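# Reading the structure
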Amino acid sequence: MSRALQPDEELVELDAEAVRTWCARAFDALGREREEIDAINVYPVADGDTGTNLYLTAEAAHQAVEAVFAASGPDTAETVRAMAHGALLGARGNSGTILSQLLRGMATVLADGRDGEHLARAFAEAARAARQAVAHPVEGTILTVASAAAEACAAGGTLVEVARGAYEGAATALAATSGQLDVLERAGVVDAGGRGLVAVLGALLETVTGQTPDHPGTAPLPPAAPREKCAGEDGPAYEVIYLLEADDAAVALLRSRLDALGESLVVVGGDGLWNVHVHVDDAGAAVEAGVEAGRPHRIRITHFASDATPAPGRGTARGTGAGSGTGDRYGTDDGYGTDHGYGTDDGYAYACGTGDDDARGERAARAIVAVVPGEGLAGLCAEAGATTVRARPGEPPAENELVEALRRAHAREVVLLPNDTDLRETAAAAAERVRAEGVRVALVPTRAAVQGIAALAVHEPGRRFDEDVVAMTAAAGATRYAELAVAEHRSFTSAGVCQAGDVLGLIEGDVAVIGQDLTETARTVLDRMLSAGGELVTLVVADDAPPGLAADLERHVRRAHLAVDTTTYHAGAEAPPLLIGVE
């Protein structure tokens, strides 16, 4: 995998094999220096993982490059794009996310040329792109080191001259970072992210010269301060990272929303795929913002302080996201969201309170309240421990019914599953009323009963409330939903004109199929949904559905979609003929 140069041999162009070698050497270098970089990590949060995050990001880039070489003989453009894309998908932490954008910036230029002039331009574009990705750039960080590298080789030259200039410029800038940030100076260290970038540039210089560069020289620094005295540990409680499929306009709005929620905001990527990183107190709100922007997945939430004292409620418009934690890393790799966006303006608003126990005795720790159509689903949810509210055809529950159900749950923490888009405002109002009584209520914005089933399936009462709500929302959002109904009168729909008695297949709330036979229409809807992928189909069948409907659809899935499992539930009476979920 590594390209060995002969004595006195230097590369003139950065070809595909050289990029491959650089990627492998950067991965190795960060592996060797990981612990040292972790040890000096005090900014923006002194959590001692910058070296590990950079190493994991480089590992993802390395694996992506090796994958394209295993599949074919890629050219330079394909290789640098694979390197950047792999880093984007695998970016970890603040510095890892910025590194992925640096590589992406370089890739846009190196795809067009491989010589020293192009490399110099690549460094300049990398530094520009990285700064643009950070909401509030700070000097004395990896951004400063990247800019110095670009400036040091701006005059161009041969490939070796540019690589050496960038490395030396970065090393000099790294040594100066300790005087640019008070937290670094007090701790007696240089910036950890910048140190990692110097290692990556050192790997590049070794690739083009065949010689291992000297370790970056830094002036002797005073002994490091005890970690508990380092600044940066009184910031937000959570780090939230996720990949996001969204267009540029939605991401621009997302940046503004996340910037208001927290700090250390970095949004990298482009062309419809982004990696979002932010530090916040309200992790749920950060995830929900991504849901409203597009389709988040690979959600990862880290609680910074394992022994932090929970912050008291601060009475913000969205409630508080603070809470106790174990410091464990929490995340989901499930697809998150729907093709049309997903979420509400109040999906994660909750507040803390003790409340007075009434005559029923001490409150339970946590409960679920779910709105369900049909007695069969009500029984299913009740068996899972949920308090249920029946939604009858044309009679959605009123606000008072939801308030009463939340009270009846008699718990200190309650998760509300409305399971209907039209109930969003009603559910939000009910939740707000019960919060005022001292109960912590989280509204998971489920749009259909199948999403509620998915959320309930991953509910774990022993998990921290924030984590449980995020997991339930992720499971719900990963479930695309459909419903079959019978038209009551002639109407214009998004799929054309329907007549009274026609079978309507609604996907994500929009009429997608108009048919004459419920079973055949259901097959068409299933095929459309599974064309976008899926591993599990959930069928919820009403009592008045045609006999054998569930069995017929299960056979259809087995024949046409071999890797997909099917689960069937019976909704009972007073439910739509068929509900479909695809996860």
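Quick summary incoming for the structure in this document.

Criteria and thresholds
- Residues numbered from 1 in each chain as written.
- Predicted model: local features only at pLDDT ≥ 70, side-chain atom pairs only at ≥ 80, totals over all residues.
- Heavy atoms only, no water.
- Helix = DSSP H or I, 4+ residues; strand = E, 2+ residues; numbered from the N terminus.
- Contact = heavy atoms within 4.5 Å.
- Pairing = 2+ DSSP bridges.
- Right-handed = clockwise from strand over helix to strand, strands pointing away.
- Axes fitted to C-alpha atoms, helices over the stretch in contact; angles between N-to-C directions.
- Salt bridge = Lys/Arg side-chain N within 4 Å of Asp/Glu carboxyl O.
- Buried < 20%, exposed > 50% of the residue type's maximum accessible area, 1.4 Å probe, protein only.

### Observations regarding the side chain of Ser 147
Along the chain, Ser 147 falls in helix α6 (residues 142-152). The residues contacting Ser 147, other than those within four sequence positions of it, are Ala 127 and Arg 131.

### Looking at the pairing of strand β16 (residues 565-572)
Here 7 bridges tie strand β15 (residues 536-542) to β16, and the two strands are oriented parallel to one another. When the bridges of β16 are listed, Leu 539 appears paired with Thr 568. The β-α-β motif built from β15, the intervening helix α18 (residues 549-560) and the parallel element β16 has right-handed crossover chirality.

### Some details on the sheet that holds strand β7 (residues 386-390)
Backbone hydrogen bonds are what pair the strands of a sheet, in a parallel or an antiparallel way. Strand order in this open sheet of 4 strands is β7-β6-β8-β9, and the pairing throughout is parallel. Every interior strand has two partners, whereas the edge strands, β7 and β9 (440-443), have only one. The sheet shows a mean angle of 20° between the axes of neighbouring strands, direction not considered. Sheet topology note: the strand β6 (residues 364-372)/β7 ladder contains 5 bridges and is parallel. Looking at the pairing, Val 371 lines up with Val 389 of β7. Lying on the sheet, helix α12 (residues 375-383) is in contact with β6 and β7; it crosses β7 at an angle near 165°.

### A look at the pattern of salt bridges
Under the definition given, this model contains 26 salt bridges. Residues Arg 195 and Glu 33 are paired through a salt bridge, measuring 3.1 Å at the closest nitrogen-oxygen approach. With a gap of 162 residues between them, Arg 195 in helix α9 (residues 192-209) and Glu 33 in helix α1 (residues 16-39) connect regions that are remote in the sequence. Taken individually, Arg 195 and Glu 33 each receive the classification buried, so the pair is uniform in this respect. The salt bridge partner of Asp 552 is Arg 555, with a shortest N-O separation of 3.9 Å. Taken as a pair, Asp 552 and Arg 555 lie in helix α18 at a separation of 3 residues, close to a single helical turn. In this structure Arg 555 comes out as partly exposed when scored by relative accessible area, which is 38%. In this structure, a network of salt bridges that share partners links the residues Arg 366, Glu 413, Arg 440, Glu 460, Arg 463 and Asp 468.

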